[in-house]
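Here is what each chain is made of, one letter per residue.
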Amino acid sequence: MTYIAKPPLHHPTLEKNKVGYTRRDYEGKISTLCAGCGHDSISAAIIQACWELDIEPHRVAKLSGIGCSSKTPDYFLGASHGFNTVHGRMPSVLTGANLAHRELLYLGVSGDGDSASIGLGQFAHAMRRGVKMAYIVENNGVYGLTKGQFSATADQGSKSKKGVVNSDSPVDLVGLALQLGATFVARGFSGHKEQLVPLIKGAIQHGGAAFIDVISPCVAFNNHPGSTKSYDYVREHNEAVSRIDFISGREEITADYGPGEVVDVRQHDGTLLRLRSLHAGYDPTDRAQAMAYMQDHQARGEVLTGLLFVDPLATDLHTALNTSDRPLNALDEAALCPGPAALDKLNASLR
Amino acid sequence: MSVRPIEAVNDFVIKFANVNGSGSASANELFAKAILRMGVPVSPRNIFPSNIQGLPTWYEVRVSEAGWLGRRGGIDMMVAMNPQTWDADVAELEPGGYLFYDSTRPLPPSKFRPDIQVIGMPLTEICNAVYSDPRQRQLFKNIVYVGALSVLLEIEPEVIEKLFGEQYRGKEKLLASNVQALHLGRDFAREHLNAPLGIRVRRADKVGDGIFVDGNSAAALGCVYGGATVAAWYPITPSSSVAEAFQKYCARYRVDPDTGQNRYAIVQAEDEIASIGMVVGAGWNGARAFTATSGPGVSLMTEFIGLAYFAEIPVTIIDVQRGGPSTGMPTRTQQADLLACAYASHGDTKHVLLLPEDPHECFQHAAAALDLADRLQTPVFVMTDLDIGMNQRLCRPFSWEPGRQFDRGKVMTAEELEAGKDFGRYKDVDGDGIPWRTLPGTHPTRGSYFTRGTTRDPYARYSERGPDYLYNVDRLLRKFATAATLVPQPIVRMAAEPTRVGVLYFGSTSPAMAEALDVLQAEGVQLDAMRLRAFPFPDSVARFIAAHDQVFVVEQNRDAQMRTLLVNELEIDPARLVKVLHYDGTPITARFITSAILRHVQVPATPAPARLAPELQP
């Protein structure tokens, strides 16, 4: 929510993508978050992903709730419309926006307080409904703006900076998303950009509800020994299930993996998710297996990251509602208003 | 104690006491519609419990050739089909009234009244003799009593048969069996009952081109005509049928004939918070969107309504009011959400309310609300209620001007941005308080902004500076003043002679008020009347009050909420506004209004001339 704008000058030699934009064109205002905040790394990953995908910035609508994470849409994609809604209710606003104009790309940015506490209901129902969007939770297990209270994703037994031990069991958004029918479920780590950027790219190109839970340490309130969302803890316990490469439909597919290691998942729009499995036999298109695998690793204290599940042929709410290809917000009187003659006929039927 | 039976042609009230879920609703509606087809105005009202099956339900039909459609009060004929409510139903009859009942099982004389006319008909016995299927026995019992009533009240059987023909077009078997049941009732009545009664129907020509429709359907149709494409809702009595009717009309009018695709999206959300959130998102993104709800839903939506007010997003909310507070009386009517809607949400907020009087205006105001929401970039409420929403009402036909365009308000286009037009999302460029907006995706480099519920400067940049805050909230007040010039204006009915006494009323009070004004006029009481049709109040409202020493404010809530709005917004001396309040959950009656006003007119509460605020001097 800064009012400090970055200077718009670009170095003339900056590389441009296929739609003529440099990386700088995907930036926003200067972040006002704490130095070292994981959220800023996620913003950087979003910028990188959108630039690499050759997305025109104004074709993205970025929506968020309330909290540190929800402030970040001001710090990327400055040429996109953004909407900082109310606490925990971003999913419904995004759903309505998506219904109004199906041709834009929708980026939902939320936090663990915003999505797992106050907004758990809206999170769940947006996943159920299959709203086409990339829904990113910047998960640090703590309330930053109000200075360090536990959120609902804080692990049981983890310790706050003040030394308070959390006795509530955690809400696992990844598990919920899987159970509720999300068709693209991943977990990333803000400190692991090489993994995160392709996950975001895959989510943006996905045909249905895509969810990424990104562990994002809070340097101010949740980066101490005793926290299970600190940089050190996550680095030590991170267990990547897969390495993902995102290959857009027009790119040549080159085989640089040995047989048996690679799972190619072609999405609805022709894009390809190339997964190099780090765990032999892990099938990311098997929802039940993903769920069991994740819970199994969680029980061993491991934070499983990577693309955990994808339904490559997923469709979205518009498909379910059979809405017109032409965006609803572009329909005019002729398309919407039945006119006086139909009304006369209706009047006659009401006598 | 014998009392003369009531004698009345085309002017009586008949009430059907039924059991919920027994199939009586369609038979009763058939009865009402048949009288309408004979050119005699009727106003039926469903009186029903919050229940699906088994509890008592009533259908009260007022027949009035004079065209008085408000609830009258008092019952001239009771069709007592529910043993559970027998005693109360019998007690409700006017002296000289008629009691029609199923006499299959004999009842002791103590169950009747000596001052009424009793008409027994063994409905169960007749049906059991003819039908073997238990379901048919129950359903056709209703048609059989309609048949008997048609003889007793002289309703033309051809009219009923024609209605059957329309209802069961292409379903010949159903048509034949209904006609058979009708005549079963008619034959019995002609043979065994004294017909006609003192009350009866006589063909007239007082219906004209009027239509017979419920307000919820009308509001839904108004949303279709007004161009709503996104509807998000959560089921709640008495508003659910708005969304259901919208679905029905969209299926009829909004399917692309070439592709079969829908030019609408309806989502039944997980709750009212999500409903309004979706409407906010769609409105932000340039689609016309609405939700329909009732009081408890409005309470839940309040935070979002504040966001839409402050971030300036078009939103249309149809509030079908019911009895509050809390769960209150879900199936009873009130006008008790006025304050909750007018000032919904924390901080300084004010919202636009439209106040339809009947289904005709539900249609008009729903369409107007979508225009106003876009024009004013703010939430607009259509404040209907259960009485209008869930009862079929005879009203003027729907009308739509050929070539009428939607008012999309100030939306800056890509061409205007490209041409370098200055875009300040929260900047007032022409003094009406309404800024320009852009829609997401409009232009590659110009016109994007960050929408937020926090304070911002005219260019939508975050700011906590006092002057920026004041610029913004004072502009919102200017916008509200603009709203007063755009909303449906009040309608005045002047008394026959000059008078210093006036009355303000609105919404579903309208038909009862119209009747009360006629009655009061006949009693020699001169009363100027103004029907409010919206909030904020146009200047004419203050002028009307200023031109009268005493102004009654008739409303259907306990706390005189409209009067509070008048006092608060127009700075009226409260002593000049006399409360007339009806709030037991039943629709207000002319009898109630008349007696309340007569009490005050005979003994004026404040004889001294009231002090006028300077700006209200006529």
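Residues numbered from 1 in each chain as written. Chains lettered and ligands numbered in written order. Predicted model: local features only at pLDDT ≥ 70, side-chain atom pairs only at ≥ 80, totals over all residues.

## Notes on the overall build of chain A
Helix and strand content of chain A: 12 helices and 13 strands. Taken over the C-alpha trace, chain A has a radius of gyration of 21 Å; the compact-globule value for 351 residues is 20 Å, and the two agree within 12%. Across its three principal directions, the C-alpha atoms of chain A cover 75 × 50 × 50 Å. Within the span of chain A, comprising 351 residues, buried residues form 54% of the whole. Across chain A, the fraction of contacts at a sequence separation of at least 24, relative to all contacts at a separation of at least 6, is 71%. (Helix = DSSP H or I, 4+ residues; strand = E, 2+ residues; numbered from the N terminus. Rg over C-alpha atoms; globule rule 2.2 N^0.38 Å. Buried ≥ 20, exposed ≤ 12 C-beta atoms within 10 Å, placed from the backbone. Contact = placed C-beta atoms within 7 Å.)

## What to know about the overall build of chain B
Looking only at helices and strands, chain B features 19 helices and 23 strands. Principal-axis analysis of the C-alpha atoms gives chain B an extent of 85 × 70 × 40 Å. Within the span of chain B, comprising 618 residues, buried residues form 54% of the whole. Long-range pairs, those at least 24 residues apart, make up 76% of the contacts in chain B between residues at least 6 apart in sequence.

## A short note on helix α7 (residues 215-225) of chain B
The α-helix advances 3.6 residues per turn, and as a result positions three or four apart in sequence lie on the same side. All names here are of chain B. With 11 of 11 residues buried, α7 lies mostly within the body of the structure. For α7, the complete set of buried residues consists of Gly215, Asn216, Ser217, Ala218, Ala219, Ala220, Leu221, Gly222, Cys223, Val224 and Tyr225. Gly227, located one to two residues past α7, shows a positive phi value of around 90°.

## Quick word on the domain arrangement of chain B
The domain boundaries assigned to chain B delineate domain 1 (8-200), domain 2 (213-395), domain 3 (414-486) and domain 4 (491-616). Summarising the inter-unit geometry, the C-alpha centres of domain 1 of chain B and domain 3 of chain B are found 60 Å apart. (Domains from an automatic or database assignment.)

## Brief notes about the confidence of the model for chain B
Residues and elements named next belong to chain B. In the predicted model, chain B carries a mean pLDDT of 95, and 97% of its residues have values of at least 70. A low-confidence stretch, residues 603-618 stays under pLDDT 50, and its non-local contacts, those more than four residues away or across chains, total 20 contacts. Across the predicted assembly, pTM comes out at 0.95 and ipTM at 0.94. (pLDDT = per-residue confidence, 0-100.)

## Quick word on the confidence of the model for chain A
Should pLDDT be low for a region, the predicted coordinates there are not to be read in detail. Averaged over every residue, the pLDDT of chain A is 90; residues scoring 70 or more account for 93%. Across residues 252-260 of chain A, confidence stays below pLDDT 50; counting only partners more than four residues off in sequence or on other chains, it has 4 contacts.

## Points about the packing of helix α5 (residues 157-167) of chain B against helix α6 (residues 172-192) of chain B
All names here are of chain B. The N-to-C vectors of α5 and α6 enclose an angle of 160°; their axes lie 9 Å apart at closest approach. As summarised for this structure, α5 and α6 are arranged roughly antiparallel, according to the angle between their axes. The handedness of the crossing between α5 and α6 is right-handed. Together, Pro157, Ile160, Glu161, Phe164 and Gly165 of α5 and Leu175, Asn178, Val179, Leu182 and Arg186 of α6 make up the contact between the two elements. In terms of residue class, the contact of α5 with α6 is built from 6 nonpolar, 2 polar and 2 charged. (Axes fitted to C-alpha atoms, helices over the stretch in contact; angles between N-to-C directions. Parallel < 35°, antiparallel > 145°, perpendicular 65-115°, else oblique. Left-handed = near helix turned anticlockwise from the far one by under 90°. Nonpolar A, V, L, I, M, F, W, Y, C, P; charged D, E, K, R; others polar.)

## A short note on the interface of chain A and chain B
Each partner contributes to the interface: chain A provides 50 residues, whereas chain B provides 57 residues. Looking at the side of chain A that touches chain B, the elements with two or more residues in it are β2 (81-84), α3 (90-100), α5 (120-129), α11 (333-336) and α12 (339-349) of chain A. Among the elements that make up the side of chain A that touches chain B, the one with the highest residue count is α3(A) (8 residues). When the residues that make up the side of chain A that touches chain B are grouped by side-chain class, the tally is 24 nonpolar, 19 polar and 7 charged. Alignment of β2(A) against strand β17 (residues 450-452) of chain B, held across 3 bridges, turns out to be parallel. Each residue of the ladder has a partner; that of Phe83(A), found in β17(B), is Thr451(B). (Pairing = 2+ DSSP bridges.)

## A closer look at the environment of Gly328(B)
All names here are of chain B. Structurally, Gly328 is set in the loop between β13 (315-321) and α11 (338-342). A tally of 16 C-beta atoms within 10 Å means that Gly328 is categorised as partly exposed. Each C-alpha atom of the pair Gly328 and Gly165 lies 41 Å from the other, and the pair is 163 residues apart in sequence.

## Points about the sheet that holds strand β15 (residues 379-385) of chain B
Residues and elements named next belong to chain B. With mixed pairing, the 7 strands of this open sheet are ordered in space as β11-β10-β12-β13-β15-β14-β21. Both outer strands of the open sheet, β11 (265-268) and β21 (534-535), are each paired with one neighbouring strand and no more. Judged from the 4 bridges that link them, strand β12 (residues 289-293) and β13 form a sheet pairing that is parallel. Residue Ala292 lies in a different strand from β13, and its bridge partner there is Ile318. Strands β10 (230-233), β11, β12 and β13 of the sheet are contacted by helix α9 (residues 272-284), whose axis makes an angle of about 160° with β12.

## Quick look at unusual backbone geometry
Only a minority of non-glycine residues have a phi that is not negative, and only a minority of peptide bonds are not trans. Residue and element names in this part refer to chain B. Thr237 connects to Pro238 through a cis peptide bond whose omega is 5°. In this fold, Pro238 is placed in the loop between β10 and α8 (240-253). The step from Phe535 to Pro536 runs through a cis peptide bond, and the omega angle for that step is 5°. For Pro536, the position within the fold is in the loop between β21 and α17 (539-546). At Ser326, a residue that is not glycine, the phi angle is positive and equals roughly 50°. Topologically, Ser326 is positioned in the loop between β13 and α11.

## Some thoughts on the nonpolar core
Formed by 274 residues in total, the largest nonpolar core has its most connected members in Ile200(A), Val230(B), Leu353(B), Leu354(B) and Val553(B). Once residues lying within four places of it in the same chain are set aside, the contact partners of Leu353(B) are Leu338(B), Cys341(B), Ala342(B), Phe381(B), Met383(B), Ala534(B) and Phe535(B). Counting 6 residues, the second-largest nonpolar core is a separate cluster that includes Val142(A), Tyr143(A), Cys218(A) and Phe221(A). (Core = buried A, V, L, I, M, F, W, Y, C linked by C-beta atoms within 7 Å.)

## Details of the sheet that holds β2(A)
Pairing is mixed across the open sheet formed by 9 strands, whose spatial order is β9(A)-β13(A)-β7(A)-β8(A)-β4(A)-β3(A)-β1(A)-β2(A)-β17(B). The strands lining the two open edges of the sheet, one partner per strand, are β9 (238-240) of chain A together with β17 of chain B. Between one strand axis and the next, the sheet turns by 20° as a mean value, whatever way the strands run. Bridge count between strand β7 (residues 184-189) of chain A and strand β13 (residues 303-310) of chain A: 4 bridges; the pairing is antiparallel. Considered in β13(A), the bridge of Phe184(A) is made with Val310(A).

## What to know about the pairing of β12(B)
Residue and element names in this part refer to chain B. Where burial is concerned, most of β12 is hidden: 5 out of the 5 residues are buried. Burial along β12 is two-sided: the face carrying Ala289, Thr291 and Thr293 and the face carrying Phe290 and Ala292 are both buried. Bridge count between β10 and β12: 2 bridges; the pairing is parallel. Across the sheet, Val230 pairs through a bridge with Ala289, a residue of β12. Once you follow β12 into helix α10 (residues 295-311) and on to β13, the crossover reads as right-handed. (Right-handed = clockwise from strand over helix to strand, strands pointing away.)

## Side note on the packing of helix α4 (residues 134-152) of chain B against α6(B)
All names here are of chain B. Here α4 crosses α6 at 45°, and the two axes come no closer than 7 Å. When the axes of α4 and α6 are compared, the pair comes out oblique. Where α4 crosses over α6, the two elements pack in a sense that is right-handed. Counted together, Phe140, Ile143, Val144, Tyr145, Val146, Gly147, Ala148, Ser150, Val151 and Leu152 of α4 and Asn178, Ala181, Leu182, His183, Leu184, Gly185, Arg186, Phe188, Ala189 and Arg190 of α6 form the full contact between these two elements. By residue class, the composition of the contact of α4 with α6 is 13 nonpolar, 5 polar and 2 charged.

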